[in-house]
Amino acid sequence: MRTRNLVSDEKLRGGFYSPDILVDLCLKRSSDLLQGRHNLRVLEPAAGDGAFIRGLRRSPLADRIAHIEAVEILDQEAHKASQTLEAARLPGIVQTSNVLDWDRRHASQFDLALGNPPYVRFQFISAEDKQHALSIGAQLGIPGAAVSNLWIPVFLLAIQRLAPGGVFSMILPAEFLTGVSAGRVRAWLLEATTDLSIDLFKPGSFPAVLQEVLILTGRKAAGGASASKTVRFFDHNGGTHQWRHEVSPAAKTWTPYLLNPEQESALSASMRLEGLTHLGNEARFTVSTVTGANDFFCVDSATVKKNDLKQWTLPLLPRTRFARGLTYTAAEHEQLSDSDASAWMLSFDAARPSPTSNSRAHGYLSRGEQAELHERFKCRVRTPWFRVPVVQPGQLLMSKRSNLFPRVIVNRAGVVTTDTIYRGQMLSSSSLTPDDVAAAFHNSLTLLSVETNGRSFGGGVLELVPSEVSSLVLPASADARAQLGLLDHVARTDPSPEALIEATDQFLPQWIPGLNPDLLRLIKEARQELQQRRIIRSHGKFYSDSL
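First, a word on scope: everything that follows refers to the structure included in this document. (Residues numbered from 1 in each chain as written. Predicted model: local features only at pLDDT ≥ 70, side-chain atom pairs only at ≥ 80, totals over all residues. Heavy atoms only, no water.)

### Things to note about the sheet that holds strand β16 (residues 396-399)
Short version of the rule: Whether two strands pair depends on DSSP finding at least two bridges between them. Comment: elements are numbered from the N terminus, with helices defined as DSSP H or I runs of at least four residues and strands as E runs of at least two.
Ordered in space as β11-β19-β16-β18-β14, the five strands form an open sheet in which the pairing is mixed. In this open sheet, the two strands that pair with only one neighbour each are β11 (283-286) and β14 (327-328). Of the pairings in the sheet, the one linking β11 to strand β19 (residues 421-426) comprises four bridges and is antiparallel in character. In the strand pairing of β19, phenylalanine 285 is matched with glycine 424.

Pasting the structure below:
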């Protein structure tokens, strides 16, 4: 995570503006829900240079507006927004203010809330603003919701300011669907709003920001009215497709609802089958060694030899791509060490000789200090700074981030890893072995749970945190280990990544007897669809359909 001095002023205030195509869609969705209402009071909590004001002037809502209240923190941008408001001949005012300060001073209610809340991590805002941000969630009965990013409290305060029956349409980061902090917000929305819809897009909607966005639209439930748990989805990746789901307030993420209803029902039915377990019931996956400077502490054999570092080395798997199969052996690591890959981790623990007594090793450390590595946070909190707390090898290996899907690998070589690869240890209570887990993991149902439990980033990269790894489903079969050799061979020899999944799926009816062919077909389709939806984010065409 970058510190304040390394982040631009625009990034610190979340100052990336909304393209007209998204503004106009927000206004269309809003107009559909407002259904001819007049004398509208409009709130825009993060006005920027007035993109939504210009959009309102273009929209059929222009003649139905009684007042616009726009808030913008920067004087220069607020002046632009004020000029835009004047040029549009719309009634209203642009307030030059931090929106959290504005919220403390005003108590007005509105009929429509529009905007693109600032995307600013909490580390970059003041303690006072953090406290007020947390109080906004608490007032709505969702304590602790706003603990990661400013967009959450700004979004919530906008809804809080709506009169009963008021409409909102906001451009939000796609982490709304999967983020842990946003989970409380998602559940609250199902209780407090109606007519929810989500429009999905590829990343790149904002210049210079690798951030996938969506549009969330809905209506604040009127007093006494029951909220609706039905959510409509519009997908604009490669044309416009739409569907709707009854969404559970208990859902950890909303990723499963990106599936069509038949696929989502198949997923729900499969999760109830006998023969399944959660990976967390069988093994514990945790973060591996955090060095603070991988380029310095993870080295190739040439660097080891040049600096006489052999006595301080541990065998290292730097990336799972260097393990071609489902097992990683000592022979493979020997081959890796003969290459220019970083096959060794430096461990200057207290049980080993001091590197300062070796002239070449001491020189290596000195070069690290010249590069100011000892000033990095993870290094400077250690004494001495170069003594990395190495995490012992795991029985299993799994990459933290992946492209198509993560692989689970049996660590036969006993290598250590950095925090780019999770280490897995079998629980003493499990009847399974590491071989069972590695053999059974790469099937369509488990990998569908990877897609629904994980989160994705710019370019479609998939990430799992340890708690999400624990929640993955897995066939609980002690017969799986017998197929490890065959599946390991497929992984090593077939160039198609799908070949390993197809080969593993052949054994699913044996491991999960209730998984009939129709159910398995839908599970396969669902996994492929979510995977492609994630991957296409890096190159999908932005929508141009008339909606």
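### What about the side chain of glutamate 332?
Stated formally: Within 3.5 Å is the distance limit for a polar contact, defined as a pair of N or O atoms, with the added protein rule that one can donate a hydrogen and the other accept it, and that residues adjacent in sequence qualify only through two side-chain atoms. In this analysis, two residues are considered to be in contact whenever any of their non-hydrogen atoms come within 4.5 Å of each other.
Following the sequence through the fold, glutamate 332 ends up in helix α13 (residues 330-337). Reaching out from glutamate 332, the side chain makes a polar contact with the backbone nitrogen of threonine 329 at a distance of 3.0 Å. In contact with glutamate 332, other than residues within four places in its own chain, are Arg324, Thr327 and Arg492.

### With respect to helix α17 (residues 444-453)
Here is the rule we go by: Type-normalised accessible area, obtained with a 1.4 Å probe on protein chains alone, sets the label of each residue: buried when under 20%, exposed when over 50%, and partly exposed for intermediate values.
Of all 10 residues making up α17, 10 are buried, and the element is well covered by its neighbours. Residues of α17 that are buried include every one of Ser444, Leu445, Thr446, Leu447, Leu448, Ser449, Val450, Glu451, Thr452 and Asn453, and no others. Sitting at the amino-terminal end of α17 is asparagine 443, which places a side-chain oxygen 2.9 Å from the backbone nitrogen of leucine 445.

### With respect to the nonpolar core
Definition in use: In this text, buried Ala, Val, Leu, Ile, Met, Phe, Trp, Tyr and Cys residues form a nonpolar core when linked through side-chain atoms within 4.5 Å.
Core analysis: the biggest nonpolar cluster contains 98 residues, and Phe155, Phe176, Leu189, Ile198 and Leu216 have the highest contact counts within it. For this core, the leading source of residues is helix α7 (residues 151-160), giving eight residues. Apart from the residues within four sequence positions on either side, leucine 216 is in contact with Phe155, Phe168, Ser169, Met170, Leu172, Phe176, Leu189, Leu196, Ser197 and Ile198.

### Re the sheet that holds strand β13 (residues 313-315)
Read across the sheet, three strands follow the order β12-β15-β13 without closing on themselves; strand pairing throughout is antiparallel. With one partner strand each, in any of the chains shown, β12 (298-299) and β13 form the two edges of the open sheet. Pairing between β13 and strand β15 (residues 344-346): three bridges, direction antiparallel. Across the sheet, proline 315 pairs through a bridge with tryptophan 344, a residue of β15.

### Some details on unusual backbone geometry
A cis amide bond links threonine 383 with the next residue in sequence, proline 384, at an omega value of -10 degrees. Here proline 384 lies in the loop between α15 (377-380) and β16. The phi angle at arginine 89 is positive, at roughly 55 degrees, despite the residue not being glycine. Relative to the elements of secondary structure, arginine 89 occurs in the loop between α4 (75-88) and β3 (92-96). Its identity is not glycine, yet aspartate 195 carries a phi of approximately 55 degrees, on the positive side. Residue classification places aspartate 195 among the partly exposed residues on the basis of a relative accessible area of 36%.

### Quick notes on the pattern of salt bridges
Pairing between side chains of opposite charge can happen when the charged atoms of each approach one another. The line we're drawing: Salt bridges, as used here, are contacts in which a Lys or Arg side-chain nitrogen is within 4 Å of a carboxyl oxygen on Asp or Glu.
What the rule picks out here adds up to 23 salt bridges. Across the pair arginine 360 and aspartate 308 runs a salt bridge whose closest N-O atoms are separated by 3.8 Å. With arginine 360 in helix α14 (residues 359-370) and aspartate 308 in the loop between α12 (301-306) and β13, this pair connects stretches of sequence that are 52 residues apart. With a closest N to O distance of 2.6 Å, arginine 527 and glutamate 498 form a salt bridge. Placement of the pair is arginine 527 in helix α22 (residues 517-535) and glutamate 498 in helix α20 (residues 497-505), with a sequence separation of 29 residues. Three or more residues are tied together by salt bridges with common partners; here these are Asp20, Asp24 and Arg58.

### A look at the packing of α20 against α22
The following threshold applies: For helices, the fitted axis covers only the stretch in contact; all axes are lines through C-alpha atoms, and the angles between them, taken along N-to-C directions, range from 0 to 180 degrees. Put simply, angles under 35 degrees are roughly parallel, angles over 145 are roughly antiparallel, angles from 65 to 115 are roughly perpendicular, and the rest are oblique. By definition, any crossing whose near helix is turned counterclockwise from its far helix by less than a right angle is left-handed, and any crossing with a clockwise turn is right-handed. Only Asp, Glu, Lys and Arg are considered charged in this grouping, and only Ala, Val, Leu, Ile, Met, Phe, Trp, Tyr, Cys and Pro are considered nonpolar; every other residue, Gly among them, is considered polar.
The geometry of α20 relative to α22 is characterised by a closest axis approach of 13 Å and an angle of 160 degrees between their N-to-C directions. Taken together, the axes of α20 and α22 are roughly antiparallel relative to one another. Crossing of α20 against α22: the hand is right-handed. Two secondary-structure elements touch here, α20 through Glu498, Ile501 and Asp505 and α22 through Leu520, Lys524, Arg527, Gln528 and Gln531. Here the residues of the contact of α20 with α22 are counted per class, giving two nonpolar, two polar and four charged.

### Focus: the packing of aromatic side chains
Keep this limit in mind: Note on ring pairs: Phe, Tyr and Trp rings are taken, using the six-membered ring of Trp, and paired if centres are within 6.5 Å. Classes follow the plane angle, with under 30 degrees stacked, over 60 edge-to-face and the rest tilted. To sit over a ring, a charge needs its Lys NZ or Arg CZ within 6 Å of the ring centre and within 35 degrees of the ring normal.
Counted under the stated rule, the structure contains 12 aromatic pairs. Pairing phenylalanine 233 with tryptophan 243 gives two aromatic rings, centres 6.1 Å apart and planes at 10 degrees, and the pair type is stacked. One end of the pair, phenylalanine 233, is in strand β8 (residues 230-235); the other, tryptophan 243, is in strand β9 (residues 241-246), and 10 residues separate them in sequence. Assessed through its relative accessible area of 13%, tryptophan 243 is described here as buried. For the ring pair tryptophan 312 and phenylalanine 348, a centre distance of 5.9 Å and an interplane angle of 45 degrees mean the geometry is tilted. Of the two residues, tryptophan 312 is situated in the loop between α12 and β13 and phenylalanine 348 in the loop between β15 and α14; the sequence distance between them amounts to 36 residues. Note on accessibility: tryptophan 312 and phenylalanine 348 belong to one class, buried. A network of ring pairs unites the aromatic residues Phe296, Phe297, Trp312, Phe348, Tyr364, Trp385 and Phe386 as a single cluster. In this structure, arginine 29 packs its charged tip against the face of phenylalanine 234, placed 4.0 Å from the ring centre. The cationic tip of lysine 310 hangs over the ring face of tryptophan 344; the distance from NZ or CZ to the ring centre is 3.9 Å.

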